[in-house]
Amino acid sequence: MGSSPAARGRNYQIKVSEGPGGYILEDVPHLSDYIHDLNTYPNPLRSNPAYSVVKQYFVDMDDTVPEKIIVHKDTPRGVHFRRAGPRQKVCFSSEEVSACIVTCGGLCPGLNTVIREIVHSLDYMYGVSKVLGIDGGYRGFYAKNTITLTPKVVNHIHKRGGTILGSSRGGHDTMKIVDSIQDRGINQVYIIGGDGTQKGAASIYEEIRRRGLKVVVAGIPKTIDNDIPVIDRSFGFDTAVEEAQRAINAAHVEAESADNGLGVVKLMGRYCGFIAMYATLASRDVDCCLIPESPFYLEGKGGLFEYVEKRLKENGHMVIVIAEGAGQELLKKETALGDEIDASGNKLLKDVGLWLSQRIKDHFSRKLKWPLTLKYIDPTYMIRAIPSNAADNVYCTLLAQSAVHGAMAGYTGFTSGLVHGRHTYIPFNRIIEKQNNVVITDRMFARLLSSTNQPSFLSAKQIAEIANDECEAPPSQLLDDSQDKPSDN
Ligand SMILES: Nc1ncnc2c1ncn2[C@@H]1O[C@H](COP(=O)(O)OP(=O)(O)O)[C@@H](O)[C@H]1O
Ligand SMILES: O=P(O)(O)OC[C@H]1O[C@](O)(COP(=O)(O)O)[C@@H](O)[C@@H]1O
Ligand SMILES: [Mg+2]
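Rules behind the numbers
- Residues numbered from 1 in each chain as written.
- Chains lettered and ligands numbered in written order.
- Predicted model: local features only at pLDDT ≥ 70, side-chain atom pairs only at ≥ 80, totals over all residues.
- Heavy atoms only, no water.
- UniProt positions renumbered as here; feature names shortened; annotations may be inferred.
- Core = buried A, V, L, I, M, F, W, Y, C linked by side-chain atoms within 4.5 Å.
- Buried < 20%, exposed > 50% of the residue type's maximum accessible area, 1.4 Å probe, protein only.
- Contact = heavy atoms within 4.5 Å.
- Near = heavy atom within 4 Å.
- Polar contact = N/O pair within 3.5 Å; in protein donor to acceptor, adjacent residues only side chain to side chain.
- Areas by Shrake-Rupley, 256 points an atom, 1.4 Å probe, with all protein chains shown as cover.
- Nonpolar A, V, L, I, M, F, W, Y, C, P; charged D, E, K, R; others polar.
- Pairing = 2+ DSSP bridges.
- Helix = DSSP H or I, 4+ residues; strand = E, 2+ residues; numbered from the N terminus.
- Axes fitted to C-alpha atoms, helices over the stretch in contact; angles between N-to-C directions.
- Parallel < 35°, antiparallel > 145°, perpendicular 65-115°, else oblique.
- Left-handed = near helix turned anticlockwise from the far one by under 90°.
- Salt bridge = Lys/Arg side-chain N within 4 Å of Asp/Glu carboxyl O.

Within an unreviewed UniProt entry, the label attached to the protein reads ATP-dependent 6-phosphofructokinase, and the organism entered is Lithospermum erythrorhizon. UniProt lists a comment for the protein under the heading Function (unreviewed entry), and it reads "Catalyzes the phosphorylation of D-fructose 6-phosphate to fructose 1,6-bisphosphate by ATP, the first committing step of glycolysis."

Enquirer: Please give an account of the nonpolar core that cites residues and values.
Expert: Ile101, Ile118, Tyr190 and Phe235 are the most contacted members of the largest nonpolar core, which has 114 residues in total. Setting aside residues up to four positions removed in sequence, Ile101 forms contacts with Ile115, Ile118, Val119, Val131, Leu132, Gly133, Ile134, Leu149, Leu165, Tyr190 and Ile192.

Enquirer: Go over the site of ligand 1, please, and point to the residues and values.
Expert: Close to ligand 1 lie 17 residues, the nearest being Gly170, Asp195, Thr197, Lys222 and Ser344. Here an oxygen atom of ligand 1 and a backbone polar atom of Gly194 are 2.9 Å apart. Out of a free accessible area of 550 Å², ligand 1 has 89% covered by protein chains. Here the shell around ligand 1 is built from residues that sort into 3 nonpolar, 10 polar and 4 charged.

Enquirer: Describe the site of ligand 2, listing the residues and the values that go with them.
Expert: Around ligand 2 there are 13 residues in total, and Gly106, Asp225, Glu324, Tyr381 and Arg384 lie nearest to it. Isolated, ligand 2 exposes 480 Å² of accessible area, and the fraction of that covered by the protein chains is 84%. Broken down by class, the residue content of the shell around ligand 2 amounts to 3 nonpolar, 4 polar and 6 charged.

Enquirer: If you had to explain the pairing of strand S5 (residues 78–83) to someone new, which residues and values would you point to?
Expert: Across a regular strand the side chains alternate sides, sitting on one face of the sheet and then on the other. Here strand S2 (residues 23–27) pairs with S5 via 3 bridges, running parallel. Pairing of Ile24 across the sheet is with Val79, part of S5. Here strand S4 (residues 64–66) runs beside S5; their pairing, made up of 3 bridges, is antiparallel. Across the sheet, Val65 pairs through a bridge with Phe81, a residue of S5. As paired strands, S5 and strand S17 (residues 422–427) are joined by 2 bridges and run antiparallel to one another. Across the sheet, residue Arg82 finds its bridge partner in S17, namely Tyr425.

Enquirer: Run through the environment of Tyr278, naming residues and quoting values.
Expert: Mapping Tyr278 onto the fold places it in helix H8 (residues 274–283). Taking the C-alpha atoms as reference points, Tyr278 and Phe457, 179 residues apart in sequence, are found 20 Å from one another.

Enquirer: Tell me about unusual backbone geometry, and name the residues and values.
Expert: One non-glycine residue with positive phi stands out, namely Val230, at about 75°. By secondary structure assignment, the location of Val230 is in the loop between strand S11 (216–221) and helix H7 (237–256). Even without being a glycine, Arg284 presents a positive backbone phi close to 70°. Mapped onto the elements of the fold, Arg284 is located in the loop between H8 and strand S13 (288–290).

Enquirer: Explain the packing of helix H10 (residues 328–335) against helix H11 (residues 352–367) residue by residue, including any values.
Expert: Close contact between H10 and H11 brings their axes to 10 Å; oriented N to C, the two are set at 65°. With respect to H11, the element H10 is oriented roughly perpendicular. Where H10 crosses over H11, the handedness of that crossing is left-handed. Residues Gln328, Leu330, Leu331 and Glu334 of H10 form the contact with H11, whose own contacting residues are Val352, Trp355 and Arg359.

Enquirer: Go over the packing of helix H5 (residues 174–184) against helix H6 (residues 195–210), please, and point to the residues and values.
Expert: In a packed pair of helices, the relevant descriptors are the angle between the two axes and the axis-to-axis distance. In contact at an axis separation of 10 Å, H5 and H6 are set at 60° when each is read in the N-to-C sense. As summarised for this structure, H5 and H6 are arranged oblique, according to the angle between their axes. When the axes of H5 and H6 are compared, the crossing they make is right-handed. Where H5 approaches H6, its residues Thr174, Met175, Ile177, Val178 and Ile181 are matched on the opposing element by Ser203, Ile204, Glu207, Ile208 and Arg210. Here the contact of H5 with H6 is composed, by residue class, of 6 nonpolar, 2 polar and 2 charged.

Enquirer: Give me the lowdown on the pattern of salt bridges, citing residues and values where you can.
Expert: Applying the stated criterion to the full structure yields 21 salt bridges. In this structure, Arg430 and Glu67 form a salt bridge, with 2.7 Å as the shortest nitrogen-oxygen distance. Pair noted here: Arg430 is in helix H14 (residues 428–432) and Glu67 is in the loop between S4 and S5, with a separation of 363 residues, a long-range link. With respect to class, Arg430 is no different from Glu67; both count as buried. The partner of Asp342 in a salt bridge is Arg169, with the nearest N and O atoms 3.5 Å apart. Note that Asp342 is positioned in the loop between H10 and H11 and Arg169 in the loop between strand S9 (146–148) and H5, a separation of 173 residues in sequence. When its relative accessible area of 15% is taken as the criterion, Asp342 is described as buried. By relative accessible area, Arg169 is classed as partly exposed at 25%. Each of Glu26, Glu67, Arg430 and Glu433 takes part in salt bridges that share partners, so that together they form one network.

Below, the structure written as structure tokens:
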């Protein structure tokens, strides 16, 4: 993977200022930080009939959004992010802009909606007509042709799953990508992708800045797994949870219709179990939800087999939801398979659902001689390939609009993201420093355990150790709803 010496330093990204009462602004870079004779223009939205009637349509330059909204009387004001939205002045004239859009990593519902809205916002709000689609992810910058994107070309794409631009893993070469951006005269780069993609976007931004180019880099966070930190949730997550209900429902119907019926559903989540956890909480038909963050074991007292036996005796049927990244250590021990990675360096997972189903069947047929009817459903790629639902469509639209407003205003090196329901510009360093995961000592996980009645599979000592490890890390927004809403405890 190519990255410049500047990219390895990562110093350009951090722009922090402080104010009274412990106020901290983790700001995003601006072209004027390194280009001193930057022209500005009045925002064309001033004369747009749709927006000119809105009172205070333009965002006040001083508006910021707090990272934490639950505070005590004496709490310092803490970290804030710049509020997204249109500015009075822009740094590009409409004719000057030459934009490009790239989608990278795994598919996710909503990708086409984001592409469509970037093209539409650039054209209808800012009069920009030069927009290129980069074919097939990062490597498309230097190894493939581009696609001309017009409002007409993208008009109906939000009704389709996937990405009309194609995507890929691997192939990120900072130098070749920035050379291609420079050669093509591109000055706005919109990069849609997950944690890996945003790391790549940070390297591109740093190299562009090192070369002193008037080119803005705007990220739009994409991941069905919801593993991107800081933001409330990633687009496509809501759609995935909704679609997962169909698989869980099918598993439940199958399980209920058979003697000792057991439905096993595998859902996505390479390193985190958000989809599994939320789908379980939404469905209420699930008896056990297994996620990567919460280790489990099969045999012996307190193990999964014991719980399955108990539930089948009590209820006659059972549904297990398992995130694809759960139980990988157990599976690895038993199958002696090595560690493999994909082209982006992500762990390649073994099929834990298939393995678990086989282990349960073996256990009940050989050891207990129980007749068991087990149905295994793997809807993972079906879920990922559908178009986004209504809520995600609106969310994608606003994320794309925010990115365009930010880029036109000259902000760069940022990811457009929702923080406590407010659209913000988050500096890349905050997005790529860690991954979001389910905190099993948070209230939300307790709610999950109490809704399924499953054992936690952890001893009191293990839970205490995890709690100690996690007390340093702030709880994720999606998990700890005490961040957003009054506690319901
Ligand atoms: N640390 C990194 N630095 C630069 N590029 C990266 C990095 N990690 C991943 N990428 C690139 O980002 C793209 C997408 O990454 P991947 O992990 O596959 O998906 P996602 O962005 O959804 O997490 C790939 O083209 C990959 O080469
Ligand atoms: O598309 P692939 O390479 O089979 O990868 C599957 C992985 O992609 C995901 O859907 C999303 O991962 P990314 O957000 O990193 O793209 C994971 O849930 C899953 O493990
Ligand atoms: Mg990823």
